[in-house]
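Now for the letters of each chain:
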Amino acid sequence: MNKKRLAAIAGLIVIGGLYGVVLVSAFIDSPFARSCLMAALFGTIVVPAVLWGYLVFMGKRGDKLRGMDGKEDEGGLP
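Rules used throughout
Residues numbered from 1 in each chain as written. Predicted model: local features only at pLDDT ≥ 70, side-chain atom pairs only at ≥ 80, totals over all residues. Heavy atoms only, no water. Patch = residues over 30% accessible without salt bridge, like charges linked within 9 Å, V, L, I, M, F, W, Y side chains within 5 Å. Areas by Shrake-Rupley, 256 points an atom, 1.4 Å probe, with all protein chains shown as cover. Salt bridge = Lys/Arg side-chain N within 4 Å of Asp/Glu carboxyl O. Helix = DSSP H or I, 4+ residues; strand = E, 2+ residues; numbered from the N terminus. Buried < 20%, exposed > 50% of the residue type's maximum accessible area, 1.4 Å probe, protein only.

Asks: Can you break down a nonpolar patch on the surface residue by residue, with the values?
Replies: Together, Y19, L37, M38 and L41 give the surface a local cluster of nonpolar side chains, amounting to about 330 Å² of exposed area. In terms of residues, the nonpolar patch owes the most to one element, helix α2 (residues 33-66), which gives three residues. Here L37 lies in helix α2. Residue classification places L37 among the partly exposed positions, given a relative accessible area of 34%.

Asks: If you had to explain the environment of F32 to someone new, which residues and values would you point to?
Replies: Looking at where F32 falls in the secondary structure, it is placed in the loop between α1 (3-27) and α2. Sequence separation between F32 and V22 is 10 residues, and the spatial gap between their C-alpha atoms is 8.9 Å.

Asks: Describe the environment of W52, naming the residues involved and giving the relevant values.
Replies: With respect to the helices, strands and loops of the structure, W52 is situated in helix α2. Classification of W52 by relative accessible area gives exposed; the value is 60%. Spatially, the C-alpha atom of W52 lies 8.7 Å from that of A7, the residues being 45 residues apart in sequence.

See the structure below:
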């Protein structure tokens, strides 16, 4: 599996877990339910944005390590 697929699966698990907690707390009529809903809505926006930023950063880092043209640096004199 590549990094993007693993990040997407991890994001789905986190967001699904947040909404699962919201659903359970709503059914048991917890006063904590409203806070959980706000956290789930926040996570719906923030988790994908953080994962996207991580993948962009890692992609730029990989380009820097390989050289910007995708070729290995030969270490010769310019």
